[in-house]
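Coordinate inspection notes
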Amino acid sequence: MFPGEIDVQPSTYLDRLGTIFARFGADTQDSGNVSYGVQTGAARYFVKTAGDPANTDPYLDFDGRVALLRNAVALAESVVHPALPALHAVVESSAGPLVVYDWRDGDLLHLNSGSAHERFRALPVEEILAALDTLYDLHADLDAAGWVEGDFYDGAMLYDFPTRRLTVMDLDTYRRGPHRNDMGRMFGSRRFMAPEQLSLGAPIDTRTTAYVMARTALVLLSEPPPALYAVLQEATTTRFPSYAAFHRAWLSARAR
Ligand SMILES: Nc1ncnc2c1ncn2[C@@H]1O[C@H](COP(=O)(O)OP(=O)(O)O)[C@@H](O)[C@H]1O
Ligand SMILES: [Mg+2]
């Protein structure tokens, strides 16, 4: 249903394909990417592009933005999980790829994007824990496929309050395999970042993923049950040797 390539601008193509009902551009995103919600028949898609090739305001130039989109495609092709919007197609254009995902309903849990963050934190603890279980299960799959966390924060989560479904998106800066911090202060929100993500040359690996996931729970849970709190504390102080070790400790504390 999607062509391999188009010879018009992304928005022109999407206008012809159906109805553009949402647009995420410079007014909300500092990435330089421009994304669209598109409805065609009964289907709704989230279509992400690298935006205007001439836009050099963002941190990443057009080629850098395209490279991250292709990285996101590699991630989506290597891990299929209910928390991830399914990848439908990659359509090539002179403005870079159009990456076509499922549209997911939900509110962005980002602290600075409205009231959903506080509304989520006010949910019954078991409901928050169920969402964290999903997030951690997804990261078990990502970790097993070699993906290392990058720039994860509450703005990468959509929560659909009526159905209690968590969606995780915008994992474009995850990297495959352990690597070294080549930026100094890496992309990311300070509340979620591991110390090595602030230190040039430091190793970034599965342990980093464990730290950031534990920070996420500490940000989202106002009162973690004691057994879980102990795991989250360990993950952010003495640290776990791997994401898998953190996840095992989380699951066994959950079962208590
Ligand atoms: N699959 C999706 N379904 C619905 N909305 C989405 C989806 N993925 C992302 N979004 C929304 O689009 C916004 C921009 O997408 P994102 O991937 O974060 O792009 P950027 O690279 O510009 O940060 C997100 O903040 C979120 O609100
Ligand atoms: Mg984003």
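Basis of the calculations
- Residues numbered from 1 in each chain as written.
- Chains lettered and ligands numbered in written order.
- Predicted model: local features only at pLDDT ≥ 70, side-chain atom pairs only at ≥ 80, totals over all residues.
- Heavy atoms only, no water.
- Domains from an automatic or database assignment.
- Contact = heavy atoms within 4.5 Å.
- Buried area = accessible area lost by both parts, 1.4 Å probe.
- Salt bridge = Lys/Arg side-chain N within 4 Å of Asp/Glu carboxyl O.
- Polar contact = N/O pair within 3.5 Å; in protein donor to acceptor, adjacent residues only side chain to side chain.
- Helix = DSSP H or I, 4+ residues; strand = E, 2+ residues; numbered from the N terminus.
- Nonpolar A, V, L, I, M, F, W, Y, C, P; charged D, E, K, R; others polar.
- 1 Å grid on protein atoms, 1.4 Å probe; cavity = no way out; pocket = protein on both sides within 12 Å on 5 of 7 lines; lining within 4 Å.
- Points joined across faces, edges and corners; volume = space filled by probe spheres on them.

Turning our attention to the domain arrangement of the protein chain. You can read the domains of the protein chain as domain 1 (10-102) and domain 2 (107-255). Counting residues at the interface gives 16 residues for domain 1 and 19 residues for domain 2. Taken together, both faces of the contact between domain 1 and domain 2 bury some 1400 Å²; the carbon and sulfur share is 65%. Ranking the residues of domain 1 by area buried against domain 2 places Leu75, His81 and Ala83 at the top, with a combined share of 35%. On inspection of domain 1 and its partner domain 2, the count reaches two salt bridges. Between aspartate 170 and lysine 48 there is a salt bridge; the shortest N-O distance is 3.1 Å. Across the domain 1-domain 2 interface, the total number found is eight residue pairs in polar contact (both at pLDDT 80 or more). Examining the composition of the side of domain 1 that touches domain 2, we find that seven residues originate from one element, helix H2 (residues 62-78), more than from any other. Grouping the amino acids of the side of domain 1 that touches domain 2 by side-chain chemistry returns twelve nonpolar, three polar and one charged.

Approximately 1300 Å³ is the volume found for the largest pocket. Together, 42 residues line the largest pocket, and Gln29, Lys48, Tyr153, Gly155 and Asp170 are the ones closest to its centre. The set of elements that each furnish at least two residues to the lining of the largest pocket consists of strand E3 (43-49), H2, strand E5 (98-102) and strand E9 (165-168). When residues of the lining of the largest pocket are assigned to their parent elements, the largest contribution, five residues, is made by H2.

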